[in-house]
Amino acid sequence: MVSMNIRDLLTSFSPSLDYLAISSGDGRIKIWDTLKGQVQTEFADITSSEGNLYAKPERGHLSVDYKCMKWLSLDKKKKRKLGSSLLVLGTGSGDLLALDVSAGQLKWSVSDCHPGGVSAVSFSALDSCIYTSGADGMICKTDPQTGNSLGKFRASTKAISCMSVSSDGKILATAAAQLKIFNCSDHKKLQKFSGHPGAVRSMVFSDDGKYILSSAVGERYVALWKIDGGKRQSASCVLAMEHPAVFIDCRCFENEGVDDGGLYVLAISETGVCYTWCGKKVEELRNSKPTKVLLSYEEFPKKHKGALPSVLAAKLQGTAKPTAANVFIAYGLPVKPLFQKILVHPGTDVKLNSSQDGVLLPLSQSLGNSKKGRDVQNRVTALDRANVEDALLPIQKVYDLQEKMRNKNLVDHDEVMEESVENKDVMVEVDAVTTGMEKQLRQLNILGSKDDGKLSPTLDSATLKGIDLEANTPPKKMRAAVLSMEPSNAYKLLEVLVAMWQSRSYSGKCVLPWIYCILVNHGQYIVAQEKSESQMLNSLLKITKSRAVAVQPLLQLAGRFQLVTAQIDKVALSKNPISLHNDQMDEDEDDDDDDVDEHLYGEEDDGSQLSSDDDS
């Protein structure tokens, strides 16, 4: 088995934990609804979407290298509303981006905020500003509403690998060659620590601002540093792990009769295992053993070659008791994460059940002849890149060659007759459904009233007046052409364009920009011309709604076709040497089909037709 490495995976929960943003290194950002377990929206080609909507992007999503991600809340009173938060990202090229997730668009961007790359993003609740650090050793303050710069100062002469702001927004910590604590108001250095030998990957303040926790690349521990303004440079506590940490979280809890609160620490390792420590004092925390939250792989075969599910993200929600904490966890695979709230008790490891739902098995992998293996084989699961939350594609059972021959001999004539009758019934039902669908389309005025099935109304090509719909016309020239028309001619052109889009003679990419431009510049005249017997705008609204409903299923279908094509290509490559021998042989088409089916589903048969190659 191969443990999944989440080192390059960027994740960030929304302030209310209702959404999770995931970026797996391909330049795409998926927003998951943690309540429904579905994709809320997806961002790609963000940096190239500011220009013409219908122009081809100059840069693909694979060219975007995100280094850090932070989901911040702009309004504490509306913390649970998606529109009151921003998803801020830093890129390896030094750009800073802010996404309005509710609107599904880029709110603002800052180019070359940190030459050499942005390393960390944090938010100050005190003055409501975004703090960023980068390879230039600078700390920049940015307005979250507009993206305007509010100032910057140099925190180090070397590249800053990580940065964090306390919950009250008063102090700031940076990690370069050393760990340094700064006052956010006057930027004065308050304290410094020896730091880590390697680059710090994750850093977080405790709720009371008395401690800061950090972890570095290649170091299998979490260090705890006490902020007291003293000259001590060493760590107060070190929490050991089996693998380096990629994420840290911390929460304080009250101790009865003690002023200093206890600490609950959470960390996620590179291999996707969640660690938690609990201590009423630093000494108790230092001596405590970690409690693990990990996944069980009992349903997976020992020779499983694909990546295994793991803990992807976690967040401490608070302490239910002095010795227990509520943890919200995202686990599984990045393409199909699962979400669960669990109660963690110190000293009691938690094992989450994992299944092969959402796991795409290699075609060459055999699940064995056991009953458990056959059950898994009967419910092969595929992944749909377009819409993964509805990507379960059950494939019917495929028997080997001997079972096929045996079943053919056992089929009775009566059963064949029954199947033929059932097929006829199915055909009648399909015809009825088709007729019912055509009737519904005619009621919605999407199909014409004639029986020939052609879409109405008829198109008048002379009304286009020399406009080339297939040409990529700039918006300025398009607006000038529409304004030069008489309102009556523009109205006729709109009728023709709506009919073209309705009849699918032209794609929406060609027609919709012109429809939009006409409605914007001649809207008053068009509304005045609309009569009860000619409701073109109402028809346009119905067409738009019907097309919008079909978009999601089409995206799912496109993703599944891509997946099937990829599987076919992989099979073709794997049986290329065999095909060279098969070209020299004259076999029946039925035998060839049996061979293709067996290799497509990863089944091997000792008595297959491939043995004829050796005989030749």
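Residues numbered from 1 in each chain as written. Predicted model: local features only at pLDDT ≥ 70, side-chain atom pairs only at ≥ 80, totals over all residues. Heavy atoms only, no water.

Looking at an unreviewed UniProt entry, one finds the protein chain named Small-subunit processome Utp12 domain-containing protein and attributed to Salix viminalis. Taken from UniProt, the Subcellular location (unreviewed entry) comment for the protein chain reads in full: "Nucleus, Nucleolus". (UniProt positions renumbered as here; feature names shortened; annotations may be inferred.)

Student: What is the right way to look at the overall build of the protein chain in this model?
Tutor: The helix and strand inventory of the protein chain stands at twelve helices and 28 strands. Among the 616 residues that make up the protein chain, the fraction classed as buried is 42%. Taking all contacts inside the protein chain whose residues are at least 6 apart in sequence as the whole, residues at least 24 apart take part in 50%. Here the protein chain displays about 34000 Å² of accessible surface, and carbon together with sulfur accounts for 50% of that area. (Helix = DSSP H or I, 4+ residues; strand = E, 2+ residues; numbered from the N terminus. Buried < 20%, exposed > 50% of the residue type's maximum accessible area, 1.4 Å probe, protein only. Contact = heavy atoms within 4.5 Å. Areas by Shrake-Rupley, 256 points an atom, 1.4 Å probe, with all protein chains shown as cover.)

Student: Quick question: what am I supposed to make of the nonpolar core here?
Tutor: Nonpolar side chains tend to gather and get buried jointly when the protein is soluble and globular. In this structure, Val293, Val327, Ile329, Ile342 and Leu352 are the most contacted members of the largest nonpolar core, which totals 34 residues. Broken down by element, this core gets its largest block of residues, seven residues, from strand S26 (residues 324-333). Beyond its immediate sequence surroundings of up to four residues, Ile342 is in contact with Val293, Ala325, Asn326, Val327, Ile329, Val350 and Leu352. By size, the runner-up hydrophobic cluster in this structure holds 24 residues, among which are Val482, Met485, Leu494 and Ile515. (Core = buried A, V, L, I, M, F, W, Y, C linked by side-chain atoms within 4.5 Å.)

Student: Sorry, what's going on with the packing of aromatic side chains here?
Tutor: Each aromatic ring pair is specified by the distance between its two centres and by the angle formed by the two planes. Following the criterion strictly, the structure yields seven aromatic pairs and no others. With centroids separated by 5.3 Å and ring planes inclined at 45 degrees, the aromatic side chains of Phe193 and Trp225 adopt a geometry described as tilted. Placement of the pair is Phe193 in strand S16 (residues 189-193) and Trp225 in strand S19 (residues 221-226), with a sequence separation of 32 residues. Following the ring pairs from residue to residue traces out a cluster consisting of Phe13, Phe328 and Phe339. (Phe/Tyr/Trp six-rings, centres within 6.5 Å; stacked < 30°, edge-to-face > 60°.)

Student: I tried to follow the sheet that holds strand S15 (residues 179-183) on my own but got confused; where do I start?
Tutor: Across the sheet, which stays open at both edges, the four strands sit in the order S13-S14-S15-S16 with antiparallel pairing between neighbours. Edge positions in the open sheet fall to strand S13 (162-165) and S16, since each of these has one partner strand only. Neighbouring strand axes in the sheet, compared pairwise and without regard to direction, differ in orientation by 15 degrees on average. (Pairing = 2+ DSSP bridges. Axes fitted to C-alpha atoms, helices over the stretch in contact; angles between N-to-C directions.)

Student: For this particular structure, what's the right way to read the environment of Asp249?
Tutor: When you line up the elements, Asp249 lands in strand S21 (residues 245-253). Between the alpha carbons of Asp249 and Val204 there is a distance of 6.5 Å; along the sequence they are 45 residues apart. Asp249 has contacts with Val204, Tyr264, Val265, Leu266, Lys315 and Leu316, leaving out every residue within four places of it along the chain. Only 3.0 Å separates the side chain of Asp249 from the backbone nitrogen of Leu316, close enough to count as a polar contact. (Polar contact = N/O pair within 3.5 Å; in protein donor to acceptor, adjacent residues only side chain to side chain.)

Student: What is the right way to read the sheet that holds strand S2 (residues 19-23) from this model?
Tutor: The strands making up a sheet associate through hydrogen bonds between their backbones, and the pairing can be parallel or antiparallel. One open sheet holds the four strands; their spatial order is S1-S2-S3-S4, and the pairing between them is antiparallel. Each edge of the open sheet carries a strand with a single partner, namely strand S1 (10-13) and strand S4 (38-43). Each strand of the sheet is rotated relative to its neighbour by a mean of 20 degrees, with strand direction disregarded. Relative to S4, strand S3 (residues 29-33) runs antiparallel, the two sharing five bridges. Within S4, the residue paired with Trp32 across the bridge is Val39.

Student: Even after reading the chapter, I still don't get the packing of helix H5 (residues 475-483) against helix H7 (residues 508-521), so can you show me in this structure?
Tutor: Two packed helices can be described by the angle between their axes and the distance between those axes. At a minimum axis distance of 10 Å, the contact between H5 and H7 shows a crossing angle of 55 degrees. Judged on the interaxial angle alone, H7 and H5 are oblique. In this structure, H5 meets H7 at a crossing whose hand is right-handed. Across the interface between the two elements, Met478, Arg479, Ala481, Val482 and Leu483 of H5 pack against Pro513, Trp514, Cys517, Ile518 and Asn521 of H7. By residue class, the composition of the contact of H5 with H7 is eight nonpolar, one polar and one charged. (Parallel < 35°, antiparallel > 145°, perpendicular 65-115°, else oblique. Left-handed = near helix turned anticlockwise from the far one by under 90°. Nonpolar A, V, L, I, M, F, W, Y, C, P; charged D, E, K, R; others polar.)

Student: Got a minute to help me understand the UniProt feature "repeat: WD" (unreviewed entry) in the protein chain in this structure?
Tutor: Mapped onto the present numbering, the UniProt feature "repeat: WD" (unreviewed entry) falls at residues 12-42 and 193-235. Secondary structure content for residues 12-42 is 0% helix and 55% strand, while the C-alpha to C-alpha distance between its ends is 14 Å.

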